[in-house]
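A closer look at the structure
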Amino acid sequence: MTTLTRREALSLGAAAFVTGILAGRTPVEAAEAGTLTIAFNVNLPSFDPTTGPSAVNPTIQAIYRSVFDQFIGQGPDLKFQPGLLTAWGWNDDKTKVWMDVREGVTWHDGSKFTPDDVVWSLERAAKQDTGNPIQFIWSTANNYKVEGNRITGDVVRFEPTFFKWMAFLTGYVLPKDYYTKVGAQGFEKKPIGTGPYMVDAYEGNSYLRLKANPNYFGGKPAFDTVIFKFVPDTTSRVAEIESGSSDVTLEIPYEDFDRLKKKSGLAGVATPISDIGMIFISNVDPMLDKNVRLAANMAIDKEAIIKRLLRGYGNALSTLEAPEYEAYDASVKTPYDPEQAKKLLAASGYSPEKPVKFTIKTTRGFKPKDYEMIQAIVGMWRKVGIEADIEVYEIAKHYELRAAHQLGPAAFYNWGNAIGDPTTSTGFAMFGPSPHSAWKTKDVDDMLGPLWGEKDEAKRIAGWKAAIKYIAEQGYVIPLLQYAQPIVYKSSLKVTPNVSGALQPTLVSKA
């Protein structure tokens, strides 16, 4: 236990003092002492990575991947790799799935990981009453059988992304015997996984302390202790890294990123990631008017936003597909054309003097310049005849409202798609039956519905490209940009950027 004199404690300052106590060290010992402190941008609402709204929050995956392992792993370049499954696939006619389970793995309580844990996790995820947001994917296979380390199952409905999801949101294996014994509440109090780190201490909305798993099948991590400090406010995250209270932080304003990475003792990296900044549109008034939708799209100067607000970090997009995604089509463009936007609004009886009015919801500090970006967009809209009031909400509220189809006419969001498939970008965001969509109309559903089970891969991708083009022509969503994720860290460290955006402690090492 760390013991400080009163003078020593006062000399550290409050933030540094708390960090030192959390880590069992003083700040001057920094990461060299085996502790990595991350000033993180979101809180952790739940330890269960498979249920509830937080399970589909891309940012939190950094924490979940530290404690739990996924069925299938994924490298920082998004390439799939063995996880708790060492091999997987379909039979020739794609009526069955098969999976080979890794041997020699133990849970954090020392019990043995078995194929039964995999089967139980898949069956639990497929049940509607468990609250898995991706239940409709996991329910496409069932009737699993175990023979040695191989699991086979029947395909209920062919889902081309079934195995891709095993490396994505909710694709985690939980301990059957332990969870069954302690229940959901007991698991929240003391979660265990097979991952590289074990939960050591947790204070909601404050911090999470992890200890290295000495028995991890992937080898012992670089740091004995990892602390996630929950710091949603961007100014506070800048202060954390600048004061030395934290070793790494992310998602800070780009001007601070450019400034801090030049300071002695600090370094930085900003890499394009699979996250997309977008504005959800719901099929409610006044967005039922195509002229309003297209005008709202055309009035936004995305290049100017990237250049002036994001200091050049990011790529403008006209669809929900980033260049790294399988169905990206560079020929689909929604031009910046404020004069055309005025004409469209005029055709519906609107003008700068008689604007169409609605509310747009946004986060503030969740992503770099998110609020400021919406402020700029509202200013651009005002010039063509759109008057929008800004309503700020927390990201957790966004999930709640979206699931209830209560987002309202327009809502900013950050959509992550680390597996790059069109179903997990345009699909889930735009398909009406999806609990994650905001726009819900028959024309879109009729185009997207048949694509979910298409077995011909070339035909499937071509179908998605056609649907993506149609959605852009109708203005059913407002894509903005592909983000570059700013990470600032002590120069005594080495950080490997993760294109998924998950700042996992295992991707940080000593320089």
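My aim in this report is to walk through the structure given alongside it, one point at a time. (Residues numbered from 1 in each chain as written. Predicted model: local features only at pLDDT ≥ 70, side-chain atom pairs only at ≥ 80, totals over all residues. Heavy atoms only, no water.)

**Looking at the overall build of the protein chain**
Within the protein chain one finds 17 helices and 19 strands. Against the 2.2 N^0.38 benchmark of 24 Å for 511 residues, the protein chain shows a C-alpha radius of gyration of 24 Å, consistent with a compact globule. With respect to the principal axes defined by its C-alpha atoms, the protein chain has extents near 70 × 65 × 35 Å. By residue count, 59% of the 511 residues in the protein chain fall in the buried class. Relative to all contacts within the protein chain whose residues are 6 or more apart in sequence, the contacts with residues 24 or more apart total 69%. (Helix = DSSP H or I, 4+ residues; strand = E, 2+ residues; numbered from the N terminus. Rg over C-alpha atoms; globule rule 2.2 N^0.38 Å. Buried < 20%, exposed > 50% of the residue type's maximum accessible area, 1.4 Å probe, protein only. Contact = heavy atoms within 4.5 Å.)

**Things to note about the packing of helix 4 (residues 115-126) against helix 7 (residues 176-189)**
One way to put it is that helix 4 packs onto helix 7 with a least axis distance of 8 Å and a crossing angle of 55°. One finds that helix 4 runs oblique with respect to helix 7. The residues of helix 7 that touch helix 4, namely those facing Asp116, Asp117, Trp120 and Arg124, are Lys176, Asp177, Tyr179 and Thr180. Across the contact of helix 4 with helix 7, the residue classes break down as 2 nonpolar, 1 polar and 5 charged. (Axes fitted to C-alpha atoms, helices over the stretch in contact; angles between N-to-C directions. Parallel < 35°, antiparallel > 145°, perpendicular 65-115°, else oblique. Nonpolar A, V, L, I, M, F, W, Y, C, P; charged D, E, K, R; others polar.)

**Remarks on the pairing of strand 14 (residues 356-362)**
For a regular strand, the rule is simple: side chains alternate between the two faces of the sheet. Where burial is concerned, most of strand 14 is hidden: 5 out of the 7 residues are buried. In this region the chain leaves strand 14, passes through helix 13 (residues 370-384) and returns to the parallel neighbour strand 15 (residues 386-392); the handedness of that crossover is right-handed. With 2 bridges joining them, strand 14 and strand 16 (residues 410-416) adopt parallel strand pairing. Looking across to strand 16, one finds that Lys361 is bridged to Ala411. (Right-handed = clockwise from strand over helix to strand, strands pointing away. Pairing = 2+ DSSP bridges.)

**Focus on empty space enclosed by the protein**
Under the definition given, this model contains 7 cavities of 30 Å³ or more. Roughly 120 Å³ of volume is contained in the largest cavity. Considering the residues around the largest cavity, the lining is formed by 14 residues, among which Val56, Leu169, Arg402, Trp415 and Gly416 are closest to the centre. At 4 residues, the largest contribution of residues to the lining of the largest cavity is made by strand 16. Of the residues belonging to the lining of the largest cavity, the class tally is 9 nonpolar, 4 polar and 1 charged. As a volume, the second largest cavity reaches approximately 90 Å³. Looking at the second largest cavity, it is lined by 15 residues, and the ones nearest its centre are Pro58, Gln61, Phe168, Ala418 and Ser500. Of all the elements in the fold, those that place two or more residues in the lining of the second largest cavity are helix 3 (61-67) and strand 12 (266-281). (1 Å grid on protein atoms, 1.4 Å probe; cavity = no way out; pocket = protein on both sides within 12 Å on 5 of 7 lines; lining within 4 Å. Points joined across faces, edges and corners; volume = space filled by probe spheres on them.)

**A look at the environment of Leu169**
For Leu169, the location among the structural elements is in the loop between helix 6 (162-165) and helix 7. When the C-alpha atoms of Leu169 and Asn57 are compared, they prove to be 7.9 Å apart, with 112 residues separating the residues in sequence.

**Concerning helix 13**
For helix 13, spanning 15 residues, the distance from its first C-alpha to its last is 22 Å, which sits close to the expected 21 Å at 1.5 Å a residue. In the segment just after helix 13, Gly385 is the residue with positive phi, at about 120°. (Expected span 1.5 Å × (residues − 1).)

**What to know about the side chain of Lys490**
Tracing the sequence through the fold places Lys490 in strand 17 (residues 477-490). A distance of 2.9 Å separates a polar atom in the side chain of Lys490 from a polar atom in the side chain of Asp247. (Polar contact = N/O pair within 3.5 Å; in protein donor to acceptor, adjacent residues only side chain to side chain.)

**Some thoughts on the packing of aromatic side chains**
Per the counting criterion, the structure on display carries 31 aromatic pairs. With centroids separated by 5.2 Å and ring planes inclined at 55°, the aromatic side chains of Trp90 and Phe158 adopt a geometry described as tilted. Residue Trp90 is found in strand 4 (residues 85-90), and its partner Phe158 is found in the loop between strand 7 (150-155) and helix 6; the two are separated by 68 residues along the sequence. Overall, the relative accessible area of 25% leaves Trp90 in the partly exposed class. Here a set of aromatic residues connected by ring pairs shows up, and it is made of Tyr64, Phe68, Trp120, Tyr172, Tyr178, Tyr179 and Phe187. Positioned above the aromatic ring of Tyr483, the side-chain terminus of Lys367 is 4.4 Å from the ring centre. (Phe/Tyr/Trp six-rings, centres within 6.5 Å; stacked < 30°, edge-to-face > 60°. Lys NZ or Arg CZ within 6 Å of the ring centre and 35° of its normal.)

Purely spatial values, then, with no claim about function.
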